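Here's the letter readout for the chains.
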Amino acid sequence: MSRIALLEPPCNDQAGALLARMMPGDAPPIGLFRMFARNLPMAGAMHGRGRYELGSRLTSLGGGRHA
């Protein structure tokens, strides 16, 4: 079975900056994010979606209750 190779350091500046934004503090990027970073437009979209899903905006709209 083929696997998608993870992006290995050293990364280009654009990929490195995106991976740094995706991880908290100085933690190294997890494999899933390094795989996403092979396609920077997709990784940027996934980062935005993840921030929305994990952020407080979803729970603050209705007190965490779904209609």
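Before reading on, note that the structure itself is shown above.
Below, the structure is looked at part by part. None of the values given here were measured: they were computed from a predicted structure. (Residues numbered from 1 in each chain as written. Predicted model: local features only at pLDDT ≥ 70, side-chain atom pairs only at ≥ 80, totals over all residues. Heavy atoms only, no water.)

**A few points about the side chain of His47**
Okay, step 1: Structurally, the position occupied by His47 is in helix H3 (residues 40-54).
Okay, step 2: Ignoring sequence-local partners within four residues, the contact set of His47 consists of Leu18, Arg21 and Met22. (Helix = DSSP H or I, 4+ residues; strand = E, 2+ residues; numbered from the N terminus. Contact = heavy atoms within 4.5 Å.)

**Considering the pattern of salt bridges**
Okay, step 1: Applying the stated criterion across every chain, the model contains 2 salt bridges.
Okay, step 2: For the salt bridge of Arg34 with Glu8, the shortest nitrogen-to-oxygen distance reads 2.8 Å. Linking Arg34 in helix H2 (residues 31-36) with Glu8 in the segment before helix H1 (13-22), this pair joins segments that are 26 residues apart in sequence.
Okay, step 3: In this structure Arg34 comes out as buried when scored by relative accessible area, which is 17%.
Okay, step 4: Here Glu8 falls in the partly exposed class, since its relative accessible area comes to 48%.
Okay, step 5: The residue Arg49 makes a salt bridge to Glu53 at a minimum N-O spacing of 2.7 Å. Of this pair, Arg49 and Glu53 both sit in helix H3, 4 residues apart, which is roughly one turn of that helix. (Salt bridge = Lys/Arg side-chain N within 4 Å of Asp/Glu carboxyl O. Buried < 20%, exposed > 50% of the residue type's maximum accessible area, 1.4 Å probe, protein only.)

**Considerations on the packing of H1 against H3**
Okay, step 1: At their nearest, the axes of H1 and H3 sit 11 Å apart, and the two run at 15° to each other. Comparing the axis directions of H1 and H3 gives the class roughly parallel. For the pair H1 and H3, the crossing hand works out as left-handed. Here Gln14, Ala15, Leu18, Arg21 and Met22 of H1 lie close against H3, whose contacting residues are Leu40, Ala43, Gly44 and His47. (Axes fitted to C-alpha atoms, helices over the stretch in contact; angles between N-to-C directions. Parallel < 35°, antiparallel > 145°, perpendicular 65-115°, else oblique. Left-handed = near helix turned anticlockwise from the far one by under 90°.)

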